[in-house]
Amino acid sequence: MRKNKLMIRKPSAMIQTSVKGMTLTQRKLINALVKVAQDMGQQEEYTLPISFTKKMCGISMMGNNDLKQQMLSLQDVKIIFNYLGKDGEIWESNVLLPRVRIEPNTGIIKFEFTSFVRQQILNPSMYAPLDLLILACSKSTYTIILYEFLRDYLDSPKIPQLTIDQFRELMGVDDG
């Protein structure tokens, strides 16, 4: 794999999770947050330029209200690690984003992950290499989910057989 400045190593556990109702922008935001954490390494708090965030997530509004709402919603997201049992590790549920703030007149977002989520992002035992340019151009949340899932199993000798219910859960599709 060639070295690309806009590539991330997203942990398989964060790809194979059940997160219904997550918007396209929120999925893009998560990947931008992962990118920043992997670039900055082990830290309690990370900083992210608002301009980069808006560009990667397709947020074009002048103010930051939409961005604030999307970040606020991410604080309600729980990431279920090892949802499909790919890596044989223990099942675990974590809050994705326990703390986030936008400082006035700085153009900076500051955020934190829990220590467990941070370690999974920085040192994933199993991961998929994802191109953020492809994700940034995606117009559908389902496109992102499928791209991430298929990249996760690209070099795997076996793709799991999912029940319809498991596939719907993975895709975030509600009943009906």
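Every value quoted in this text rests on a predicted model; they were computed, and no experiment measured them.

A tally of regular secondary structure across the chain gives eight helices and seven strands. For the chain, buried positions account for 44% of its 176 residues. For the chain, the proportion of contacts with a sequence separation of at least 24, taken over those separated by at least 6, is 66%. About 9500 Å² of surface is accessible on the chain, with carbon and sulfur atoms providing 54% of the total.

This part takes up the packing of aromatic side chains. Under the criterion given, the structure shown has four aromatic pairs. A centroid spacing of 5.1 Å and a plane angle of 55° characterise the contact between Phe-149 and Tyr-153, whose relative ring orientation is tilted. Here Phe-149 and Tyr-153 have matching classes, each one buried. One aromatic cluster is present, formed by Tyr-46, Phe-111 and Phe-113 through successive ring pairs. Over the ring of Tyr-127 we find Arg-9, and its NZ or CZ is 5.8 Å from the ring centre.

Another aspect to go through is the pattern of salt bridges. Considering all chains together, one arrives at eight salt bridges under this definition. Glu-148 is the partner of Lys-10 in a salt bridge, and the nearest nitrogen-oxygen pair spans 3.1 Å. With Lys-10 in strand S1 (residues 7–11) and Glu-148 in helix H7 (residues 141–152), this residue pair connects regions lying 138 residues apart in the sequence. Exposure class is identical for Lys-10 and Glu-148. Each is buried. A salt bridge links Lys-35 to Asp-39, with the nearest nitrogen and oxygen atoms 3.1 Å apart. Placement of both Lys-35 and Asp-39 in helix H2 (residues 24–40) is noted, with a separation of four residues, approximately one turn of the helix. Under the relative-accessibility criterion, Lys-35 is labelled buried at 7%. A relative accessible area of 54% places Asp-39 in the exposed class. Salt bridges linked by common partners bring Glu-45, Arg-99, Arg-101, Glu-103, Lys-110 and Glu-112 together as one network.

Take the sheet that holds strand S6 (residues 108–112) next. Taken in spatial order, the three strands of this open sheet run S2-S6-S5, and their pairing is antiparallel. In this open sheet, the two edge strands, each paired with only one partner strand, are strand S2 (46–49) and strand S5 (99–103). Adjacent strand axes in the sheet meet at a mean angle of 25°, parallel and antiparallel pairs treated alike. Of the strand pairs in this sheet, S2 and S6 are connected by four bridges, and their pairing is antiparallel. Following the sheet pairing, Tyr-46 is matched in S6 by Phe-111.

At their nearest, the axes of H2 and helix H4 (residues 65–74) sit 10 Å apart, and the two run at 80° to each other. As far as their axial angle goes, H4 and H2 are roughly perpendicular. For the pair H2 and H4, the contacting residues are Thr-25, Gln-26, Leu-29, Ile-30 and Leu-33 in the first and Leu-67, Gln-70, Met-71, Ser-73 and Leu-74 in the second. Class assignment of the residues belonging to the contact of H2 with H4 gives a composition of six nonpolar, four polar and no charged.

Cut-offs used in this document
Residues numbered from 1 in each chain as written. Predicted model: local features only at pLDDT ≥ 70, side-chain atom pairs only at ≥ 80, totals over all residues. Heavy atoms only, no water. Helix = DSSP H or I, 4+ residues; strand = E, 2+ residues; numbered from the N terminus. Buried < 20%, exposed > 50% of the residue type's maximum accessible area, 1.4 Å probe, protein only. Contact = heavy atoms within 4.5 Å. Areas by Shrake-Rupley, 256 points an atom, 1.4 Å probe, with all protein chains shown as cover. Phe/Tyr/Trp six-rings, centres within 6.5 Å; stacked < 30°, edge-to-face > 60°. Lys NZ or Arg CZ within 6 Å of the ring centre and 35° of its normal. Salt bridge = Lys/Arg side-chain N within 4 Å of Asp/Glu carboxyl O. Pairing = 2+ DSSP bridges. Axes fitted to C-alpha atoms, helices over the stretch in contact; angles between N-to-C directions. Parallel < 35°, antiparallel > 145°, perpendicular 65-115°, else oblique. Nonpolar A, V, L, I, M, F, W, Y, C, P; charged D, E, K, R; others polar.

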